[in-house]
Each structure stands twice: as structure tokens, then as C-alpha cells.
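# Secondary and tertiary structure notes
These are the residues of each chain, in order.
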Amino acid sequence: MLHARPGEMLAFGLLGMSASPALRAIGVTVGLGVLTSLVLAPVAILLGERGER
């Protein structure tokens with residue numbers, strides 16, 4: 001997961017800086033989703049482990 005996310009962030013970050021409004025919207029939307037999943041995935045793992053105890 002940690003190896004794929006930086007590449008995704010770079011790709012969608014570049015789309016987010018596009019001059020085309022459609023590409024910019026796609027890049028910003030998906031980039032925020034990838035960033036959110038990067039932050040929330042470890043939290044979900046920790047909460048899942050806590051619930052198993």
C-alpha cells in the first residue's frame with residue numbers, strides 16, 4: 001500500500017494541476033480520495049485489531 005500511494009498521488013496531483021477543467025476535477029477528486037484512504041486505512045486496521053480483543 002505504501003509503495004503504490006505515492007505514485008497515485010503524483011499522477012492524480014499532476015492531473016489536478018491540468019489546465020483542462022475536466023482533468024483538473026478528476027485529479028483533485030481522485031487525489032483527495034487516495035489521500036483519505038492513505039490516512040484512514042491504518043486507523044481501520046487499528047480499530048479492527050482492537051475489536052478482536
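Residues numbered from 1 in each chain as written. Predicted model: local features only at pLDDT ≥ 70, side-chain atom pairs only at ≥ 80, totals over all residues. Heavy atoms only, no water.

## Thoughts on the overall build of the chain
Under the convention used in this document: The helix count covers DSSP runs of H or I at least four residues long, the strand count covers runs of E at least two residues long, and both are numbered beginning at the N terminus. For a compact globule the rule gives 2.2 Å times the number of residues to the power 0.38, and the radius of gyration it is set against comes from C-alpha atoms. Each residue is placed in one exposure class: buried if its accessible area under a 1.4 Å probe, protein chains only, is under 20% of its type's maximum, exposed if it is over 50%, and partly exposed if it falls in between. Residue-level accessible areas treat just the shown protein chains as cover; the underlying method is Shrake-Rupley with a 1.4 Å probe.
Looking only at helices and strands, one finds two helices and zero strands in the chain. On C-alpha atoms alone, the chain measures out to a radius of gyration of 14 Å, which is more than a quarter above the 10 Å that the 2.2 N^0.38 rule sets for 53 residues. Counting only C-alpha atoms and orienting by the principal axes, one finds that the chain spans roughly 50 × 20 × 10 Å. The burial tally for the chain puts 13% of its 53 residues in the buried class. With an accessible surface of roughly 4,100 Å², the chain has 73% of that area assigned to carbon and sulfur atoms.

## Notes on the environment of G16
Counted only if it meets this: A contact between two residues is defined here by any heavy atoms of the two lying within 4.5 Å.
You can see G16 is positioned in helix 1 (residues 4-16). Using a relative accessible area of 17% as the deciding quantity, one classes G16 as buried. Residues G16 and T29, 13 residues apart in the sequence, show an inter-C-alpha distance of 8.4 Å. Ignoring sequence-local partners within four residues, the contact set of G16 consists of R24, G27 and V28.

## Remarks on a nonpolar patch on the surface
Keep this limit in mind: Candidates for patches are residues over 30% relative accessible area with no salt bridge; among them, like charges are joined within 9 Å and nonpolar side chains (Val, Leu, Ile, Met, Phe, Trp, Tyr) within 5 Å. Whenever a carboxyl oxygen of Asp or Glu lies within 4 Å of a side-chain nitrogen of Lys or Arg, that contact is scored as a salt bridge.
On the surface, a nonpolar cluster with roughly 620 Å² of combined accessible area is contributed by V28, L32, L35, V39, L40, V43 and L47. Along the chain, L35 falls in helix 2 (residues 21-52). Residue class for L35 comes out partly exposed when judged on its relative accessible area of 39%.

## Quick word on the side chain of S18
Relative to the elements of secondary structure, S18 occurs in the loop between helix 1 and helix 2. Leave out the neighbours within four places in its chain, and S18 touches L23 and R24.

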